[in-house]
Amino acid sequence: MPKITNRDIALRAGVSPAAVSMAIHGRKGVSEATRAHILNIVREMNYTPPTRAHSVRLKTIVLLIGDPAEPLLPPVIKALLRLAQENGSELRVLPQHQLLENPAELLSSCSLLVTFDGLERTVLDELAPLVPQVLIVDGNFSRKPFWNIRIDYSGAVYALTRRLAEMGHRSIIYLNADLQASKNLFCFSGFQKLILEMHLPLNPAQIIMDLQRDPHIWSHIPDIIRNFNISAIICTSDRAAVEVVNRLRAFDIRVPEDVSVAAVSDGVCPEHPNFSFMHVGLNYSAIEEELRRLIVHTVPSDEHVDVLIPYTPVRDGISTAAPKFNPAQKKLVIMLYLKNHPSLRIVRAGFLNMIQQMGYQAEVAGIESDDYSEYFKAIRELANDKIDGLISWLAEPGAFDCFTQRGIPVVTLHGVTREMEGFGEQARIAEDPAKIAAEVAQFFTARLHDRTGVLAVSQSSDNMLESSITRELIAQMREKCPNVTVRNEFDFVQTDRTDMLTEYICNMPDLVGAFTTAGFSCVNWAAAIRAAGRDDLVLVGTDYSEESIRLVERGELDAFVAQPLYEEGQMGVIAMDAILRGNQFPFFRSLDAPLVTKENLEKYRRLLQEVNNWYA
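Since we're looking at a predicted model, the values are computed, not measured. (Residues numbered from 1 in each chain as written. Predicted model: local features only at pLDDT ≥ 70, side-chain atom pairs only at ≥ 80, totals over all residues. Heavy atoms only, no water.)

Asks: Can you break down the overall build of the chain residue by residue, with the values?
Replies: Along the chain, the regular secondary structure elements total 22 helices and 23 strands. For the chain, the proportion of its 616 residues judged to be buried stands at 54%. Of the contacts made within the chain by residues no fewer than 6 positions apart, 69% connect residues no fewer than 24 positions apart. Just so you have it, the chain exposes about 27,500 Å², and 51% of that area is on carbon and sulfur atoms. (Helix = DSSP H or I, 4+ residues; strand = E, 2+ residues; numbered from the N terminus. Buried < 20%, exposed > 50% of the residue type's maximum accessible area, 1.4 Å probe, protein only. Contact = heavy atoms within 4.5 Å. Areas by Shrake-Rupley, 256 points an atom, 1.4 Å probe, with all protein chains shown as cover.)

Asks: I'd love a proper account of the sheet that holds strand 12 (residues 331-337), names of residues and values included.
Replies: Within the open sheet, the 6 strands sit side by side as 13-12-14-15-16-22. Their pairing is parallel. With one partner strand each, in any of the chains shown, strand 13 (361-367) and strand 22 (588-591) form the two edges of the open sheet. For this sheet, the mean angle separating the axes of adjacent strands, direction not counted, is 20°. Where strand 15 (residues 410-413) lies against strand 16 (residues 427-431), 3 bridges are found, and the strand directions are parallel. Across the sheet, Leu 413 pairs through a bridge with Ile 429, a residue of strand 16. (Pairing = 2+ DSSP bridges. Axes fitted to C-alpha atoms, helices over the stretch in contact; angles between N-to-C directions.)

Asks: Please provide a residue-by-residue account of the sheet that holds strand 1 (residues 60-65), values included.
Replies: Overall, parallel pairing links the 6 strands, which are arranged 2-1-3-4-5-11 in an open sheet. Each end of this open sheet is capped by a strand with a single partner; those strands are strand 2 (90-95) and strand 11 (305-309). On average, adjacent strands in this sheet sit at an angle of 20° to one another, irrespective of strand direction. Two elements, strand 4 (residues 134-137) and strand 5 (residues 147-151), share 3 bridges in a ladder whose sense is parallel. Note that in strand 5 the partner of Val 137 across the bridge is Ile 149.

Asks: Let's hear about the nonpolar core: which residues, and what values?
Replies: Ranked by size, the top nonpolar core spans 79 residues in total, and within it Tyr 375, Leu 390, Trp 393, Phe 400, Phe 403, Tyr 544 and Phe 560 carry the most contacts. Once you skip the residues sitting within four places of it in the chain, Phe 403 turns out to touch Ile 379, Leu 382, Ala 383, Ile 387, Leu 390, Ile 408 and Val 410. With 45 residues, the next largest nonpolar core counts Phe 191, Val 280, Leu 282 and Ile 287 among its residues. (Core = buried A, V, L, I, M, F, W, Y, C linked by side-chain atoms within 4.5 Å.)

Asks: Describe the packing of aromatic side chains, and please don't skip the residues or the numbers.
Replies: Applying the stated rule across the entire model yields 5 aromatic pairs. Pairing Tyr 337 with Tyr 375 gives two aromatic rings, centres 6.1 Å apart and planes at 70°, and the pair type is edge-to-face. Taken together, the residues span a long stretch of sequence, with Tyr 337 in strand 12 and Tyr 375 in helix 14 (residues 372-382) at a distance of 38 residues. An identical accessibility class is assigned to Tyr 337 and Tyr 375; each is buried. With 5.2 Å between their ring centres and 85° between their planes, Tyr 375 and Phe 376 make a pair best called edge-to-face. When its relative accessible area of 3% is taken as the criterion, Phe 376 is described as buried. Chaining the aromatic ring pairs together yields one cluster made of Tyr 337, Tyr 372, Tyr 375 and Phe 376. (Phe/Tyr/Trp six-rings, centres within 6.5 Å; stacked < 30°, edge-to-face > 60°.)

Asks: I'd like to hear about the pairing of strand 13, residue by residue, with values.
Replies: With 7 bridges joining them, strand 12 and strand 13 adopt parallel strand pairing. Residue Met 335 lies in a different strand from strand 13, and its bridge partner there is Ala 365. A crossover links strand 12 with its parallel partner strand 13, the connecting element being helix 13 (residues 342-358), and its sense is right-handed. (Right-handed = clockwise from strand over helix to strand, strands pointing away.)

Asks: Describe the side chain of Thr 597, listing the residues and the values that go with them.
Replies: Tracing the sequence through the fold places Thr 597 in the loop between strand 23 (595-596) and helix 22 (602-615). Since its relative accessible area comes to 15%, Thr 597 is described here as buried.

Asks: Could you give an account of helix 22, with specific residues and numbers?
Replies: The terminal C-alpha atoms of helix 22 lie 20 Å apart, and with 14 residues this matches the ideal 20 Å at 1.5 Å per residue to within 8%. Those residues of helix 22 that sit buried are Tyr 604, Leu 607, Leu 608 and Val 611. The arc enclosing the buried residues of helix 22, seen along the axis, measures out at 95°, which places them on a common side. Those residues of helix 22 hidden inside the fold are in contact with helix 13, helix 20 (546-554), helix 21 (565-580) and strand 23. (Expected span 1.5 Å × (residues − 1). Arc of directions from axis to C-beta.)

Below you can see the structure in the form of structure tokens.
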């Protein structure tokens, strides 16, 4: 007859093996009703739990390994063996599948369970009540009661990428050839952090490239380097760095003259007959010191311990700087109409902020009025100046021909979208009108689902993007909220007149709300609603102006679309930087334009304050 284990009891009782152990040994963690139920099953099955008396005097360390074993297993085993001998402890190594057959018995004399992050968290939660302490080596579990010793993969790659960026590299491949998925993501997070921090263009090639999952990447790397102007490769091991060099040289790509190769090292730089790599070390040797400190000097308790093993400093090797590109010698111009309008001042602040970060020369040009002919005349005159790139708020056929002929790239903001015909620019940056309209339609539908009537729409009739939002909103409201009729009643000029809007509201008893894409008309609509005494109307507008924020706070404006004006100014410079460096940038880049209510208003108040501080 097979021996009964606590897993048999758990199966019969409908609980976990850990709950069985807690019930039998009188530990906390199960209710009294559950404990009584489990003990009743124990008596019925004549189960005798293993005794601890024979090994209570031993301080036993159990090393739990996954299936298959983790790459760091050999050095950790050696360190644990030395520490166990010094401390008079017994070291037992158990694979996961064996331990889970009868964890309570196998861990009965265990003082410390050591494992790796390859184990699932649910398994560790099940085992934790059976031992005084759990130590995870090279893991990322930060919740009590575990101890953690972690390697700073993210910091290492961050430091390596920053050094390459300081040398002028802007188009970099991150290449994993050795790490498991969790470590790979830690490394890539460091890579992404620097890209976001320095606002580097994220090219299609600047993604995680995992040789473990796709060994065919080796054959694609030469073409990727040539097509995307890659100037540096970060490898996740010394071995991979050596292999990269050998493969690139077979395709007549010179290292480091054409491409610099860097490695995340285990502390010893790889040998190569011609040069040493730029590298940063992962200090695995420090794990033993931390193991010794925790095992010998720390009393097991519920107190959380989290040790981060730092990386070693970056060593340059003989990597070369990126191809010469000096932003300080290049001039970018942003052209705006109504350039002192509060909304356009936000765009200017985003542009100038990014210019300062990237080190370009800059000029803010444009006109004070909204005269289109005057605006495009100013653009054509600008083509005679010595500039290296133009960022324009508006576009029309033929406007940029003179720049194209001189090889000067143009990026347009806000006024054109994906569906419209190109005007010779290299990139367009705007919000997606369909996405904006969908969010606004959802908001109105939620507020007006039990009402019938008319939703009045006013739009900026001279703005293609905002006209697109209006068209999309009418179509989506027809589908989502058929009980409300949407009428396109006003244009930009008309909504400047509060008296006219007040008269309209008074003559429209079935009016249930209004939507305006003209920023300042929020103020006029709110004043007209107040004058007409119709506080039942739902009002939504656009632009995060100070007036809009105050209206939302007072409850006179239900929501507004936060058009990403500051972000458009920033992204225009980022796009131009990528184009001037010869890197690829998507022709259309869509930015988020969230709907803002009282709940998420604070972010946009802070952003406006930052803009005001910039001009101050």
